[in-house]
Amino acid sequence: MQEFQTLDHDVIVIGAGGAGLRAAIEAAAHGVSVGLVCKSLLGKAHTVMAEGGIAAALANVDERDGWEVHVTDTLRGGQYVNNWRMAELHAKEAPARVRELEAWGAVFDRTPDGRILQRNFGGHRYPRLAHVGDRTGLEMIRTLQDHGVHQGIDVHMEVTVLALYQREGRVCGALAYDRERGRFRLFRAKAIVLATGGIGRAYTITSNSWEYTGDGHALAYHAGAALQDMEFVQFHPTGMVWPPSVRGILVTEGVRGEGGILVNSQGRRFMFDDIPENYRAQTADTPEEGWRYVLGDKEARRPAELLTRDHVARCIVREVREGRGSPHGGVFLDIAWIKERIPNAADHIKKKLPSMYHQFKQLADIDITKEPMEVGPTTHYVMGGVRVDGDTQMSTVPGLFAAGEVAAGLHGANRLGGNSLSDLVVFGKRAGEFAARFAKEHTALEPDQGEVNQTAREALAPFDRPAGENPYQVQHALQVMMQDLVGIVRREEEMARAVDGLETLRQRANRAGVTGNREYNPGWHTALDLPNLLTVSEAVARSAIERKESRGGHFRDDYPEKDAAWGSFNLLVQRRPDGGMAVRREPVVGVTDELTRLVEKYK
Ligand SMILES: Cc1cc2nc3c(=O)[nH]c(=O)nc-3n(C[C@H](O)[C@H](O)[C@H](O)COP(=O)(O)OP(=O)(O)OC[C@H]3O[C@@H](n4cnc5c(N)ncnc54)[C@H](O)[C@@H]3O)c2cc1C
């Protein structure tokens, strides 16, 4: 029998990135008691790493922009399997959320007349990303944190949630352990918001930090909630490829937004060789026109480097496979070339892309103001996640809400850069509001002690197997398998092998063991992350097998074309009563006549 510290809150928010912080602020503003739980230190969530900016149709740089254009860009980017209602709310509410950040102290870069400056990004018709150099996420987290600490929110840092509990058909609590001492904490709550971010650590090459093991996805799944769109994993086209120790670290799309070009080993700007039909009308005919767009010429269209991430990533893979790659298996991304076009180019690059300058200088000994970078695709973002109601963010389990990367719907088959940061504040706010309302309308219920004890026993089991396999080995094997068999280019037979392989890895995970004690024991923490990685990987593989077409982030070598019949369905993953994983189709939601008309208008 374990000792638990028991804590009561009306609402607990799991995750303190942009979505979690914004949800906690909003719930507190509605007068309920809020506990904010996060796996790492406050301020260290993934959101802090965001670079390029936050998308909102403020129309500060191009007055033709507006929510109508933003929503159609988001739907086109997501290849129309988005939750259309979420895309609409997001486009309409993002400008207010950005101005709110400014009112709370965020200092964005400025236009000459003092408004929030906006930059170009892939798939956005007009310059739309409010930014702070290439450190936008840092400013956002700092602002939300500064604001949040004055709202009476209780913060539980370095505390990892292991399981959720339900009574009477709704959530009532969660068991967690503190990473420092390894002791359990039982949170009782009337509503729970999941804001746990992504799943990038299911792959070897990733821009994601150690925390992104799909915990929220797995917690929701085991609570009986439906997951959606898990086949849609975003491989960002530009991660570092060299040296090996830094492989996967992100190179922001902001580099291409500022005029960076992609070239192969033959010096060819290959992105102009393959422009998808649905982007042809918006894409520059020549590099010259693309450069005029970068300079702000409103008559010019976007350079081909600013096509959507799924497409750019696949073009890079093609160049490498056909022998035109860079020495370390990527291609070249060149921003230094702009010195041919503008005076003081080096200073300009350092000002607009300070992190990129330092990142390459320190990690690869490359001066990006003088030389090209070597880049290649890296696992970056998961469009799939917890299925939520577009307005309230409540999952299919009453009282359980989800916002940010852990939730699905907004981005469909492919996320546009910048649309995540705006997603966090738009839907974080909504999740916080509706969770608070739910908490006010319901009484507290006591989690079942037997279930709580069972979670604690299972969590401590790795200590009973000191001679068991090292959990890091199992994690590494999983990452390699997902990278090889369920990566950028997918085939049925390989993915079926991955599903079998995951079962074997599950058995290995169940036998994995740790030594030492419960005080800050990273091996034990890894053992506890493993079941989550296995669950989300299985969800990705099974959904990817099911979707027999290529769309957005999901590319099937054996079904290379987009199939219109699949364009009106999402795939849902849910736990069967016997414990197995079921995958089923559901029609895309939120399509209205007004939105359909807009899509036509801005084609
Ligand atoms: C390098 C990089 C650059 C990016 N640049 C941009 C950009 O310019 N624009 C843009 O729109 N998007 C960008 N993105 C994507 C964007 O940053 C993320 O999608 C977004 O920050 C996710 O925010 P979130 O609030 O959903 O979760 P996160 O910020 O990922 O936070 C998750 C939180 O959940 C906690 N957590 C996880 N599991 C548990 C658990 N079991 N128990 C307790 N707590 C838990 C974590 O500790 C953390 O606090 C970038 C991503 C990366 C990696």
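Residues numbered from 1 in each chain as written. Predicted model: local features only at pLDDT ≥ 70, side-chain atom pairs only at ≥ 80, totals over all residues. Heavy atoms only, no water.

Novice: With reference to specific residues and values, describe helix H16 (residues 522–546).
Specialist: Since one α-helical turn is 3.6 residues long, residues separated by three or four positions face the same way. For H16, built from 25 residues, the straight-helix expectation of 36 Å at 1.5 Å per residue is met to within 8% by its first-to-last C-alpha distance of 36 Å. At aspartate 529, H16 shows its maximal kink, close to 30°; a proline, proline 531, follows between one and four residues later. For H16, the tally of buried residues reaches 21 of 25 residues, placing the bulk of the element in the interior. (Helix = DSSP H or I, 4+ residues; strand = E, 2+ residues; numbered from the N terminus. Expected span 1.5 Å × (residues − 1). Bend = angle between axes of the 7 residues up to and from the residue. Buried < 20%, exposed > 50% of the residue type's maximum accessible area, 1.4 Å probe, protein only.)

Novice: Tell me about the site of the ligand, and name the residues and values.
Specialist: Neighbouring the ligand are 39 residues; Thr47, Gly52, Glu211, Asp215 and Glu405 lie closest to it. In the environment of the ligand, an oxygen atom lies 3.4 Å from a nitrogen or oxygen atom belonging to the backbone of serine 40. Looking at the shell around the ligand, the elements that each hand over two or more residues are helix H1 (18–29), strand S8 (159–167), strand S16 (373–382) and helix H12 (419–441). Tallied by class, residues from the shell around the ligand come to 16 nonpolar, 17 polar and six charged. (Near = heavy atom within 4 Å. Polar contact = N/O pair within 3.5 Å; in protein donor to acceptor, adjacent residues only side chain to side chain. Nonpolar A, V, L, I, M, F, W, Y, C, P; charged D, E, K, R; others polar.)

Novice: Outline the pattern of salt bridges, listing residues and values.
Specialist: A side chain with one charge may pair with a side chain of the opposite charge, provided their charged atoms come close. Applying the stated criterion to the full structure yields 55 salt bridges. A salt bridge links arginine 76 to aspartate 73, with the shortest nitrogen-to-oxygen separation between them at 3.2 Å. Placement of both arginine 76 and aspartate 73 in helix H2 (residues 67–77) is noted, with a separation of three residues, approximately one turn of the helix. Judged by relative accessible area, arginine 76 falls into the buried class, the value being 3%. (Salt bridge = Lys/Arg side-chain N within 4 Å of Asp/Glu carboxyl O.)

Novice: How would you summarise the sheet that holds strand S4 (residues 54–55) if you had to cite specific residues and measurements?
Specialist: Across the sheet, three strands lie side by side as S4-S6-S5; this open sheet has antiparallel pairing. The open sheet has two free edges, formed respectively by S4 and strand S5 (118–119), since each of these has just one partner strand. Strand direction decides the pairing type here: S4 and strand S6 (residues 129–130), joined by two bridges, are antiparallel. Bridge pairing in S6 places alanine 55 opposite leucine 129. (Pairing = 2+ DSSP bridges.)

Novice: Which residues make up the domain arrangement of the chain, and what values do they have?
Specialist: Segmentation of the chain into domains returns domain 1 (237–379) and domain 2 (463–568). Taken over C-alpha atoms, the centre of domain 1 sits 30 Å from the centre of domain 2. Three residues stand out in domain 1 for area buried against domain 2, namely Asp310, Arg314 and Arg321, and they jointly supply 64% of the buried area on that side. On inspection of domain 1 and its partner domain 2, the count reaches zero salt bridges. Inspection of the domain 1/domain 2 interface yields one residue pair in polar contact (both at pLDDT 80 or more). Sorting the residues of the side of domain 1 that touches domain 2 by element identifies helix H9 (309–321) and S16 as the ones contributing at least two each. (Domains from an automatic or database assignment. Buried area = accessible area lost by both parts, 1.4 Å probe.)

Novice: Can you lay out the nonpolar core for me, pointing to particular residues and giving the numbers?
Specialist: Membership of the largest hydrophobic core comes to 128 residues, with the highest contact counts inside it found for Leu400 and Val486. It is H12 that contributes the most residues to this core, eleven residues altogether. The contact partners of leucine 400, leaving out residues within four places of it in the chain, are Leu164, Val171, Ile192, Leu194, Ala220, Ala223, Ala225, Gln393, Met394 and Ser395. (Core = buried A, V, L, I, M, F, W, Y, C linked by side-chain atoms within 4.5 Å. Contact = heavy atoms within 4.5 Å.)

Novice: Please give an account of the packing of helix H3 (residues 84–103) against H12 that cites residues and values.
Specialist: Two elements in contact, H3 and H12, have axes separated by 8 Å at closest approach and are oriented at 90°. One element, H3, and the other, H12, form an angle in the roughly perpendicular class. Counting all contacts with H3, which are made through Met86, Leu89, His90, Glu93, Ala94, Arg97 and Leu101, the residues of H12 involved are Asn419, Ser422, Asp423, Val425, Val426, Phe427, Lys429 and Arg430. Across the contact of H3 with H12, the residue classes tally to seven nonpolar, three polar and five charged. (Axes fitted to C-alpha atoms, helices over the stretch in contact; angles between N-to-C directions. Parallel < 35°, antiparallel > 145°, perpendicular 65-115°, else oblique.)

Novice: So, the sheet that holds strand S18 (residues 400–402): which residues are in play, and what are the values?
Specialist: A sheet is described by the order of its strands in space; here five strands give the open sequence S7-S3-S2-S11-S18, paired in parallel fashion. With partners counted over all chains shown, the strands left at the sheet margins are strand S7 (154–156) and S18, one partner each. Taking each pair of neighbouring strands and ignoring which way they run, the sheet shows an average axis angle of 20°. As defined by bridge partners, strand S2 (residues 11–14) adjoins strand S3 (residues 34–37) across four bridges and the pair is classed as parallel. The residue of S3 that forms the bridge with valine 11 is valine 34. Against the sheet, H12 makes contact with S2, strand S11 (191–194) and S18, and its axis sits at roughly 165° relative to S11, the strand it touches most.

Novice: Which residues make up unusual backbone geometry, and what values do they have?
Specialist: That bond from tryptophan 242 to proline 243 is cis: its omega, 0°, falls within 30 degrees of zero. Residue placement: proline 243 occurs in the loop between strand S13 (233–240) and helix H6 (254–257). The backbone phi angle of glutamate 158 is positive, close to 50°, even though this residue is not glycine. Mapped onto the secondary structure, glutamate 158 falls in the loop between S7 and S8. Residues other than glycine seldom take positive phi values, yet glutamate 168 does so here, at roughly 50°. Checked against the element boundaries, glutamate 168 lands in the loop between S8 and strand S9 (170–178).

Novice: I'd like to hear about the packing of H2 against H3, residue by residue, with values.
Specialist: The contact between H2 and H3 brings their axes to 8 Å, and the two run at 140°. By the angle class used here, H2 and H3 are oblique. Crossing geometry of H2 relative to H3 is assigned as right-handed. Note on element contacts: H3 touches H2 through Trp84, Ala87, Glu88, His90, Ala91 and Lys92, opposite Trp67, His70, Val71, Thr74 and Leu75. (Left-handed = near helix turned anticlockwise from the far one by under 90°.)

Novice: Go over the pairing of strand S21 (residues 569–575) with me, naming the residues and quoting the values.
Specialist: Within S21, five of the seven residues are buried, which leaves it mostly tucked inside the rest of the structure. Examined bridge by bridge, strand S12 (residues 227–228) and S21 share two bridges and lie antiparallel to one another. Residue leucine 227 lies in a different strand from S21, and its bridge partner there is valine 573. Bridge count between S21 and strand S22 (residues 581–587): seven bridges; the pairing is antiparallel. Bridge pairing links leucine 572 to arginine 584 in S22. Hairpin connection, S21 to S22: the antiparallel pair is bridged by five residues, and glycine 579 has positive phi, about 95°.

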